[in-house]
Amino acid sequence: MNRLEQLKSSGNKAFVAYVMAGDGGLERLREQVQYLQGAGVTAIEIGIPFSDPVADGPTIEAAGNRALKQGVTLQKVLEELKSWTFDIKIPLLVMTYLNPVLKFGVERFATECGKAGISGVIIPDLPYEHKQLVQPYLDKENIKLIQLVTLTTTDVRLDDILREAEGFVYAVTIKGITGSRDELSQDVKTFMQKIRKKSPVPVYAGFGISKSSHVDMLRDDVDGFIVGSAIVEAFNAGKIEEIEPLIRAVTTA
Amino acid sequence: MTKVKICGLKEQQHVQAASRADAVGFVFAPSKRQVTIEQAAELAKYVPIDTDKIGVFVNASLKEIEDTVAGVPLTMVQLHGDEPDELVKAIKVPVIQAFSIRTKEDVAKLKRSLADYVLVDAPGTDYRGGSGNVFDWSLLEGVDIDPARLIVAGGLNPGNVHAAIEQTTPYMVDVSSGVETDNRKDTVKIQEFIKQVKDDSVEQTIEKVGFFGKYGGQFVPETLMKAVKELEDAYNEVKEDPEFHKEYHHYLSEYVGREQPLTFAKRMTEAYGGPKIYLKREDLNHTGAHKVNNAIGQALLAMRMGKRKIVAETGAGQHGVATATICALFDLDCVIFMGEEDIKRQQLNVFRMKLLGARVESVTKGSATLKDAVNEALRYWVANVEDTHYLIGSALGPHPFPTMVRDFQSVIGEETKRQILEKEGRLPDTILACVGGGSNAIGMFYPFIQDKEVELIGVEAAGQGVDTDKHAATLTKGTDGVLHGAFMKLLQDDAGQVQEAHSISAGLDYPGIGPEHAHLADTGRVEYRSITDDEALAAVISMSRLEGIIPALESAHAIAEAQKQAKQMTADQILVICVSGRGDKDMATYAEKLEGLS
């Protein structure tokens, strides 16, 4: 069974943590994943650095550039994941832009992700229209291709995307790029309610989630939260323990 | 949403007719529709990258299948013989296993298949691999097969496919003889079949658009999809609107100063010693280059869409200046992203933009050139998409940009065609234009694409040489990839990281190429060559002194190649060069690089 399905059946609010693979050196990824698992996150998104990350804000872009300087590549990350022998109980996802996947070979990417125990893949610049480019290969490995929906997604698109959604739906809470925000707009709440009513799979809110106040505001309207920039920042500053209250705010209560 | 596969394709026109399909099939087994690997590879150049290319085999060996998958390349394999489970398991790409169905017992065999998808067909006649006989869909009723694995074939045609979908709700429908007339595929029937599946569906659907062969598409984050689709709709509307065209041409003539002459270059003709040389004078446009043609078109479109804020990127600054100019003219709010390096190289243009009332944002990330300016402009658009139009400057980006920019720039080629017919009574033998993203070149070439006797040559920047790591020769050295919303050719490393391009001319300093150019290169309709920094600088001197026209560095690449090309041509031939812009903006570079000129 795909671990994302187990996660769905557990019924708790999910906390999906994003880490940039190779930020601070690829050898750190292992301890980061172990730390986050120990801290109680429910899934981990492993970001692959890319030279032109147009969906990302300055925090994640800077982390990606640090990783690229270390020579981190998609292949090296997958090799690292395959080498792990410690017990991973939670779903691991790969988040990558499309071009490194195309260069690596889509079929090879799916096979290697399968071997590395990946449960889901997120490709922000692969919209619904073009998902056939990778979906059949991921299907073959029982890996879920996670779709994004945003405040600007029209109702027709929303219906189409949700009808074929698998794993979970990544609901983008802001009009913009990734990065910590002070406030989330009120229409986000209505938007989440609308998606959740229609979605056959859990709805997780992401982009701009960095505070307990964001979590409190949306708690009743989503099935989980995705936190990226705040974690990347905390790891980079060597203050990852400061993220623990946010994890607790989601997973307990 | 049921997918559509058009199977047994052998001709380019039929592959193109199937552009809205989700999959195309090539038959490698003995059949009247059989193709070779080479034929299929040629046809695959016309298949969008995200469309499945499925190879049909009957009892082929694993090696044969693997060689074919790699040679075309194929994305899926369809097996029509008595292939053993071991073979099904050994094939790396997704596998479709086909079954001929006569009875309920045959249906049971489907369920035991290890393939990713199962295809049901009526029993074959002479050849295996589909007979076109009508399959009794009711046989599938009450059988426990996951519809997500089911592909229905057998006697489908535009008239009955709807009923077949309602009855079986399959993953995909597959048609071959149902879209043929006299044993040959029929363009109209192919399109009608796809239309029946897609447009008559109860569900409203979204689908892919905007491909040139396998290149193009809309590879952008979901946040931008609404804006991109709205733009596509708005552009489709104005394309057919005579009022819009009238307005656009009004500004081209009254404000830009078109039409621009096609100047006979007498002294260049004599000096280069070959064909008659004509110059298409985009350098005479207001603002100094071809960029303004597109800026006016897009600004008028943005206003029609109710958007009064414009964001744009610029490399050399010519597009930034054109955009800032038009925004001043129409009182639009204007933000221009420009790489820090380019700001240093093009200080005069930066000041021009500011003088015109635009806000110029310096981009310090990455290589701090055009590629990074596009990234920042896209991010700005993502965050301000409701009230802002992204006025992209080249034939790049997600659909509809490459088509729209081409159409607005096609005025260059349309005028040239009319003018050369007036002057010479015939079309030119050769046309040259420089290529960065490729907007002046596609605008010049497009009206001549169907005129096969006209040789079209695009000239890229070879920088310090295509065998160094400092060049921008994307078509010469690039490989397939996705950047800035389109599948195209890219300069990238083995890990798929986009590399920095280099050219002395900031306007050609881009590691990608418009998707239509990538397709024209693939099919060989346009030939792409490259010119180094030094060759371009020499051409600047040559043209300045022979014709009294100081060209932009970008245009100088086309001129340098023209000098080479002229040597292989004769006096009764005609060569046209697109002089995309004038050299005023490059004076500082010329003064530095050509110091000591006498």
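Model, not experiment: these values are computed from the prediction. (Residues numbered from 1 in each chain as written. Chains lettered and ligands numbered in written order. Predicted model: local features only at pLDDT ≥ 70, side-chain atom pairs only at ≥ 80, totals over all residues. Heavy atoms only, no water.)

A.B. asks: Please clarify how the overall build of chain A should be interpreted in this entry.
C.D. replies: Along its length, chain A carries 12 helices and 8 strands. Taking 253 residues into account, the globule formula puts the C-alpha radius of gyration at 18 Å, and chain A, at 17 Å, falls close to it. With the C-alpha coordinates of chain A rotated into their principal frame, the extents come out at 40 × 40 × 35 Å. Taken over 253 residues, chain A has a buried fraction of 65%. Contacts in chain A between residues at least 24 apart in sequence constitute 77% of all its contacts with a sequence separation of at least 6. For chain A, the accessible area works out to roughly 8800 Å², and carbon and sulfur atoms hold 47% of it. (Helix = DSSP H or I, 4+ residues; strand = E, 2+ residues; numbered from the N terminus. Rg over C-alpha atoms; globule rule 2.2 N^0.38 Å. Buried < 20%, exposed > 50% of the residue type's maximum accessible area, 1.4 Å probe, protein only. Contact = heavy atoms within 4.5 Å. Areas by Shrake-Rupley, 256 points an atom, 1.4 Å probe, with all protein chains shown as cover.)

A.B. asks: Whenever I open this one, the overall build of chain B confuses me. Can you help?
C.D. replies: Scanning chain B from terminus to terminus reveals 23 helices and 24 strands. The C-alpha atoms of chain B give a radius of gyration of 27 Å, which matches the 25 Å a tight globule of 598 residues would have. Its C-alpha atoms give chain B principal-axis dimensions of roughly 90 × 55 × 45 Å. Relative to its 598 residues, chain B shows a buried fraction of 63%. Partitioning the intrachain contacts of chain B with sequence separation of at least 6 by distance along the chain shows that 67% fall at a separation of at least 24. About 21800 Å² of surface is accessible on chain B, with carbon and sulfur atoms providing 48% of the total. Between the mean site of the 65 positive side-chain charges and the mean site of the 88 negative ones, chain B shows a separation of 2 Å. (Lys, Arg positive; Asp, Glu negative; His and termini not counted. Charge placed at Lys NZ, Arg CZ, Asp CG, Glu CD.)

A.B. asks: So what exactly am I meant to see when it comes to the interface of chain B and chain A here?
C.D. replies: Often the size quoted for an interface is simply the accessible area lost on bringing the parts together. Between chain B and chain A, the contact holds 56 residues from the first and 45 residues from the second. Overall, the association of chain B and chain A removes approximately 4300 Å² of surface from exposure, summing both partners, and the carbon and sulfur fraction of that is 55%. There are 6 salt bridges connecting chain B and chain A. The residue lysine 365 of chain B makes a salt bridge to glutamate 61 of chain A at a minimum N-O spacing of 2.9 Å. (Buried area = accessible area lost by both parts, 1.4 Å probe. Salt bridge = Lys/Arg side-chain N within 4 Å of Asp/Glu carboxyl O.)

A.B. asks: Explain helix H16 (residues 401-409) of chain B to me, please; I cannot follow it from the model alone.
C.D. replies: Owing to its 3.6 residues per turn, the α-helix brings residues three or four apart onto one side. Across the 9 residues that make up H16 of chain B, a large majority, 8, are buried. Burial in H16 of chain B covers these residues: Phe401, Pro402, Thr403, Met404, Val405, Arg406, Phe408 and Gln409 of chain B.

A.B. asks: Help me understand the packing of aromatic side chains in this model?
C.D. replies: In this description, a pair of aromatic rings is defined by centroid distance and the angle of the planes. Residue and element names in this part refer to chain B. With the rule as written, the count across this model stands at 17 aromatic pairs over all chains. Look at tyrosine 215 and phenylalanine 487: their rings are 5.5 Å apart centre to centre, the planes differ by 15°, and that puts the pair in the stacked class. Of this pair, tyrosine 215 sits in strand S12 (residues 215-219) while phenylalanine 487 sits in strand S22 (residues 485-490), and the two are 272 residues apart along the sequence. Each of the two residues, tyrosine 215 as well as phenylalanine 487, counts as buried. A connected cluster of aromatic rings, assembled from ring pairs, spans Tyr235, Phe244, Tyr248 and Phe408. The lysine or arginine in question, lysine 417, covers the ring of phenylalanine 448, its NZ or CZ lying 5.5 Å from the ring centre. (Phe/Tyr/Trp six-rings, centres within 6.5 Å; stacked < 30°, edge-to-face > 60°. Lys NZ or Arg CZ within 6 Å of the ring centre and 35° of its normal.)

A.B. asks: What is the right way to look at the sheet that holds strand S11 (residues 211-212) of chain B in this model?
C.D. replies: By way of backbone hydrogen bonds, the strands of a sheet pair with one another, either parallel or antiparallel. Residues and elements named next belong to chain B. On the basis of which strands lie adjacent, the open sheet formed by 4 strands has the order S11-S12-S22-S21 and antiparallel pairing. In this open sheet, the two strands that pair with only one neighbour each are S11 and strand S21 (479-483). Inspection of the sheet shows S11 paired to S12 by 2 bridges, in the antiparallel sense. Looking across to S12, one finds that phenylalanine 211 is bridged to glycine 216. (Pairing = 2+ DSSP bridges.)

A.B. asks: Would you explain the nonpolar core in this entry?
C.D. replies: Within soluble globular proteins, side chains that are nonpolar generally end up buried alongside one another. Residues Leu29 and Phe109 of chain A together with Ile6, Phe26, Phe193 and Trp381 of chain B are the most contacted members of the largest nonpolar core, which totals 248 residues. In this view, isoleucine 6 of chain B contacts Ala18, Ala21, Ala23, Val24, Gly25, Val175, Val179, Lys185, Ile190, Phe193 and Ile194 of chain B; residues no more than four positions away in its chain are not counted. With 36 residues, the next largest nonpolar core counts Ala461, Ala536, Leu546 and Ile549 of chain B among its residues. (Core = buried A, V, L, I, M, F, W, Y, C linked by side-chain atoms within 4.5 Å.)

A.B. asks: Is there a simple way to think about helix H5 (residues 104-112) of chain B in this case?
C.D. replies: Residue and element names in this part refer to chain B. Taken as a whole, H5 has its buried residues at Asp106, Val107 and Leu110. Projection of H5 onto a plane perpendicular to its axis shows the buried side chains occupying an angular sector of 105°, all on one side. Opposite its buried face, H5 presents the exposed residues Glu105 and Arg112, each directed more than 90 degrees away. On its buried side, H5 packs onto strand S5 (95-100) and strand S6 (117-121). (Arc of directions from axis to C-beta.)

A.B. asks: I would appreciate a short explanation of unusual backbone geometry in the present structure.
C.D. replies: Both trends apply: most residues other than glycine have a negative phi, and most peptide bonds are in trans. Residue and element names in this part refer to chain B. At the junction of valine 72 and proline 73, the peptide bond is cis and its omega measures out at -10° in the coordinates. In this structure, proline 73 sits in the loop between helix H3 (62-71) and strand S4 (76-79). Here the bond from histidine 399 into proline 400 is cis, since omega is 10°, no more than 30 degrees from zero. With respect to the helices and strands, the residue proline 400 is situated in the loop between strand S18 (388-390) and H16. The phi torsion at aspartate 331 lies on the positive side, around 55°, for a residue other than glycine. One can find aspartate 331 in the loop between helix H12 (318-330) and strand S16 (333-339).

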